[in-house]
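Geometric and topological summary
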Amino acid sequence: MKVVICEDNPQQQKMIHDRLKNYAMINHQSVEIVLVASNAEEVLNFIEQNNADCYFLDIELGAGSTGLQLASEIRKKDPLASIIFVTDYSEILKLTFKYKIAALDYILKRTDGSFSDRLIATFESSIQRYKQLGQTQNFDFFQVKMGELIKNIPYENIYYFETSTTIHKIILSEKNGIYEFYGKLKDIEQIHPTFFRCHKSFIINLQHVVQIDKKTKYVELVNGTKCPISVRALQNIQMKVNERLANT
């Protein structure tokens, strides 16, 4: 899970970062704080090319966009991300209804230990929610578990699955990397219509097919990968690609 912190007060920013980082290092090593920002513009620039799964946002960010306006922009890009507001004033929380932001929680800044406790409790809730998203069939994510690392990968980002040379393992290739994990192709091929078993060792994402070479029995994907096609699959792959195009 990737986390973004946006807080304009340097002391508060450091405290939130250190508390979350230490908790993650001990309890959830796969959680990564990918950005610590002081203003909304830094976050907006980040999400133009990157993504995160959880955002801790100060509502009052001084000059420029507020945390509420920033949250609205995040929601446009990612309706499923966890957003957690941190604020000094409980009255400001009423404004979240105006912006129609579904936040995971609202944390009031306190000088005692209750703020830190609430911060960690909400952080843990966001981690558990992240894990559950990848296990829920209503959302188009594939969840990869590699030891302590858990990643929810959108179906649309996946190029293909391939059997690994390591027994009982599968290789997943997607836009942001390649991962190897324990699993079986037969458990994957039916999870969504966009996936097609083109070979005993490959499952491809039909939306990334750019060329089917029936002579050499290979299918080329948008990332340049060429996957083999079995004789049996050759009879159905063009039909499946056409069905995919008709439904988009």
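Read on for an overview of the structure. Every chain is numbered independently, its residues counted from 1 as its sequence is written. Totals for whole chains, interfaces and linings use all residues, but because this is a predicted model, local features are given only for residues with pLDDT of at least 70 and pairs of side-chain atoms are given and counted only at 80 or more. Note that the side-chain values use all heavy atoms of the structure and ignore hydrogens as well as water.

**With respect to the sheet that holds strand S15 (residues 226-228)**
Pairing between strands is defined by DSSP: at least two bridges between the two strands are required. Strands are runs of DSSP state E lasting at least 2 residues, helices are runs of H or I lasting at least 4, and numbering of each runs from the N terminus. The antiparallel open sheet is built from three strands, whose spatial order is S13-S14-S15. Unpaired on one side and paired on the other, strand S13 (209-213) and S15 mark the two borders of the sheet. Pairs of neighbouring strands in the sheet enclose a mean axial angle of 25°, with direction left out of account. Both strand S14 (residues 218-221) and S15 contribute to a ladder of three bridges, which runs antiparallel. Pairing of Tyr-218 across the sheet is with Pro-228, part of S15. All axes are obtained by fitting lines to C-alpha atoms, using only the stretch in contact for helices, and the reported angles, taken between N-to-C directions, cover 0 to 180 degrees.

**A short note on unusual backbone geometry**
For His-168, which is not glycine, the phi torsion reads 70° and is therefore positive. Phi at Lys-217 is positive, roughly 60°, even though this residue is not glycine. The residue Lys-217 is located in the loop between S13 and S14 in this model. Only protein chains enter the accessibility calculation, which uses a 1.4 Å probe; a residue is then buried when its area is under 20% of its type maximum, exposed when over 50%, and partly exposed in between. Judged by its relative accessible area of 33%, Lys-217 is partly exposed.

**Quick word on the environment of Leu-35**
For Leu-35, the location among the structural elements is in strand S2 (residues 32-37). When checking whether two residues touch, look at their non-hydrogen atoms; a contact exists if any pair is within 4.5 Å. Every residue in contact with Leu-35, bar those within four places of it in the chain, is listed here: Val-3, Val-4, Ile-5, Glu-42, Val-43 and Phe-46.

By themselves, these observations are geometric and do not establish any function.
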